[in-house]
Amino acid sequence: MPGFIQVVYYYFFSSQVRRSVVYGDEPRNRLDLYIPTSTTRLKPVVAFVTGGAWIIGYKGWGALLGRRLAERGIIVACIDYRNFPQGTIGDMVEDVSQGISFVCNNISSYGGDPNRIYLVGQSAGAHIAACALLNQAIRECGEGDTSSWSVSQIKAYFGISGGYNLLNLVDHFHRRGLYRSIFLSIMEGEKSLQKFSPQVMIKESSARSAVPLLPHIILFHGTSDHSIPPAESQAFVDALQQHGAKADLFLYEGKTHTDLFLQDPLRGGRDKMLEEIASVIHSEDLDKSADHMVVPAARRLVPEFMLKLAGRVSPF
């Protein structure tokens, strides 16, 4: 609670946060923008898709990540999307794709560099973002594609604690409390599981020509993640590499499903995953003397004993 109060205060009262920018016609078609304090040059941009088991996702869950990356000179756009039962997986992928399109076509109005856009997803958001990215690549391989954004505009995709083969996860989620009947309703029935499994889809003949269009894919996973096993990220990276895509995996020993996204940023100090993301994003900066090069260590927001206690009671 002490950490959340501080993050909530930042979310609602910081001048760096622009909440609920409209990107589409649906009620949940909104995104939040986290703007760095320095406005001396166009900034690299992260389009971020939050998790939430496809049911409780909300753009505000990205406040801590948005704050930490904005401190490193990166604009963050946290994309909201319809959750179940407002929509099913097809609606979620459509919303996220529309949100990415808005970022690609409008971020320059907010000081962002349209030539340096990166896609990040966490948990269910990593799955949805990967589906949107692969679907767009497949569309671009067809004739008469009229999409308002292109895969070539995405410099890299970062997936945090994601699941990419739903066929392997149905029973696992059922045992964890996301019951089969509900999960299949979210995913539009058992026959659609393959269609919304990026790891499976890249092996299909219809998608083989799309794989070379994909940007560099970088996945992060904790080895103690019981919500989505780290084998999911390993198998996806293996499949991508086998089909010619550039893909890398970072495994974090002893980290749980929420450690990388929540507990570690709350701890303050050095955050290995955020540093890895920032280093990839800033590797193309021409100005190596830019203000992001020296970032003070983040302040601890929650005492360690509270984080350990939360870890014991968290269902994730």
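Our structure's up above, just so we're on the same page.
About the criteria used
Residues numbered from 1 in each chain as written. Predicted model: local features only at pLDDT ≥ 70, side-chain atom pairs only at ≥ 80, totals over all residues. Heavy atoms only, no water. Axes fitted to C-alpha atoms, helices over the stretch in contact; angles between N-to-C directions. Helix = DSSP H or I, 4+ residues; strand = E, 2+ residues; numbered from the N terminus. Parallel < 35°, antiparallel > 145°, perpendicular 65-115°, else oblique. Left-handed = near helix turned anticlockwise from the far one by under 90°. Contact = heavy atoms within 4.5 Å. Nonpolar A, V, L, I, M, F, W, Y, C, P; charged D, E, K, R; others polar. Polar contact = N/O pair within 3.5 Å; in protein donor to acceptor, adjacent residues only side chain to side chain. Phe/Tyr/Trp six-rings, centres within 6.5 Å; stacked < 30°, edge-to-face > 60°. Buried < 20%, exposed > 50% of the residue type's maximum accessible area, 1.4 Å probe, protein only. Salt bridge = Lys/Arg side-chain N within 4 Å of Asp/Glu carboxyl O. 1 Å grid on protein atoms, 1.4 Å probe; cavity = no way out; pocket = protein on both sides within 12 Å on 5 of 7 lines; lining within 4 Å. Points joined across faces, edges and corners; volume = space filled by probe spheres on them. Pairing = 2+ DSSP bridges.

Engineer: Explanation requested: the packing of helix 2 (residues 63-70) against helix 10 (residues 259-267) in the structure shown.
Structural biologist: Two elements in contact, helix 2 and helix 10, have axes separated by 10 Å at closest approach and are oriented at 55 degrees. Between helix 2 and helix 10, the angle falls in the class oblique. Classified by chirality, the crossing of helix 10 by helix 2 is left-handed. Contacts between helix 2 and helix 10 involve L64, L65 and R68 from the first element and F261, L262, P265 and L266 from the second. Split into classes, the residues belonging to the contact of helix 2 with helix 10 amount to 6 nonpolar, no polar and 1 charged.

Engineer: I tried to follow the environment of E304 on my own but got confused; where do I start?
Structural biologist: Tracing the backbone shows E304 in helix 12 (residues 304-313). At 3.3 Å, the side chain of E304 forms a polar contact with the side chain of R300.

Engineer: Explanation requested: the packing of aromatic side chains in the structure shown.
Structural biologist: Two measures describe an aromatic ring pair: the distance that separates the ring centres and the angle between the ring planes. On inspection of all chains with the given rule, the structure shows 13 aromatic pairs. Judged by centre distance (5.6 Å) and plane angle (65 degrees), the rings of W54 and F183 are edge-to-face. With a gap of 129 residues between them, W54 in the loop between strand 3 (43-49) and helix 2 and F183 in helix 6 (residues 180-186) connect regions that are remote in the sequence. There is no split in this pair, since W54 and F183 are both buried. Ring centres 6.2 Å apart and planes at 10 degrees place the aromatic pair F158 and F220 in the stacked group. Taken as a pair, F158 in strand 6 (residues 154-160) and F220 in strand 7 (residues 216-222) lie far apart in primary sequence, 62 residues in all. Taking relative accessible area as the criterion, F220 reaches 0% and is therefore assigned buried.

Engineer: What's the story with the packing of helix 1 (residues 2-13) against helix 2 in this structure? I'm lost.
Structural biologist: For any two helices packed against each other, one specifies the crossing angle of their axes together with the interaxial distance. Look at helix 1 against helix 2: their axes get within 10 Å of each other, and the N-to-C directions meet at 70 degrees. Between helix 1 and helix 2, the angle is such that the two are roughly perpendicular. For the pair helix 1 and helix 2, the contacting residues are Q6, V7, Y10 and Y11 in the first and A63, L64 and R67 in the second. Considering only residue class, the contact of helix 1 with helix 2 consists of 5 nonpolar, 1 polar and 1 charged.

Engineer: Teacher, can you tell me more about the pattern of salt bridges here?
Structural biologist: Any two side chains of opposite charge can pair, on the condition that their charged atoms come close. The final tally for this structure, using the stated rule, is 15 salt bridges. For R180, the salt bridge identified is with D171, shortest N-O distance 2.2 Å. Residue classification places R180 among the partly exposed positions, given a relative accessible area of 33%. Between K308 and E304 there is a salt bridge, and its shortest N-O distance comes to 3.7 Å. Taken together, the residues span about one helical turn, with K308 and E304 both in helix 12 at a distance of 4 residues. A single network of salt bridges, built from pairs that share partners, joins K255, D264, R267, R300, E304 and K308.

Engineer: Could you clarify how one ought to interpret the layout of surface pockets in this entry?
Structural biologist: Rolled over the atoms, a probe sized like a water molecule indicates the empty space that remains. A volume near 1,200 Å³ is recorded for the largest pocket. Along its surface, the largest pocket is lined by 43 residues, and I56, W61, T258, L262 and F316 are the ones closest to its centre. Within the residue set of the lining of the largest pocket, elements represented by two or more residues are helix 1, helix 2, helix 5 (170-176), helix 10 and helix 12. By residue number, the principal contributor to the lining of the largest pocket is helix 1, which donates 7 residues. Across the lining of the largest pocket, the residue classes tally to 29 nonpolar, 13 polar and 1 charged.

Engineer: Help me understand the pairing of strand 2 (residues 30-34), please; the structure alone is not making it clear to me.
Structural biologist: Note on strand geometry: in a regular strand, side chains alternate between the two faces of the sheet. Within strand 2, 4 of the 5 residues are buried, which leaves it mostly tucked inside the rest of the structure. For strand 1 (residues 17-22) and strand 2, the ladder comprises 4 bridges, and the chain directions are antiparallel. Paired with V22 across the two strands is R30, which belongs to strand 2.

Engineer: Help me understand empty space enclosed by the protein in this model?
Structural biologist: Taken as a whole and judged by the stated rule, the model has 1 cavity of 30 Å³ or more. In this structure, the largest cavity spans a volume of roughly 60 Å³. If you go around the largest cavity, the residues you meet are A130, L133, L134, Y157, P198, I202, L214, I217, F236 and L240. Of all elements in the fold, only helix 4 (124-141) and helix 9 (231-242) reach the threshold of two or more residues within the lining of the largest cavity. Split into classes, the residues belonging to the lining of the largest cavity amount to 10 nonpolar, no polar and no charged.

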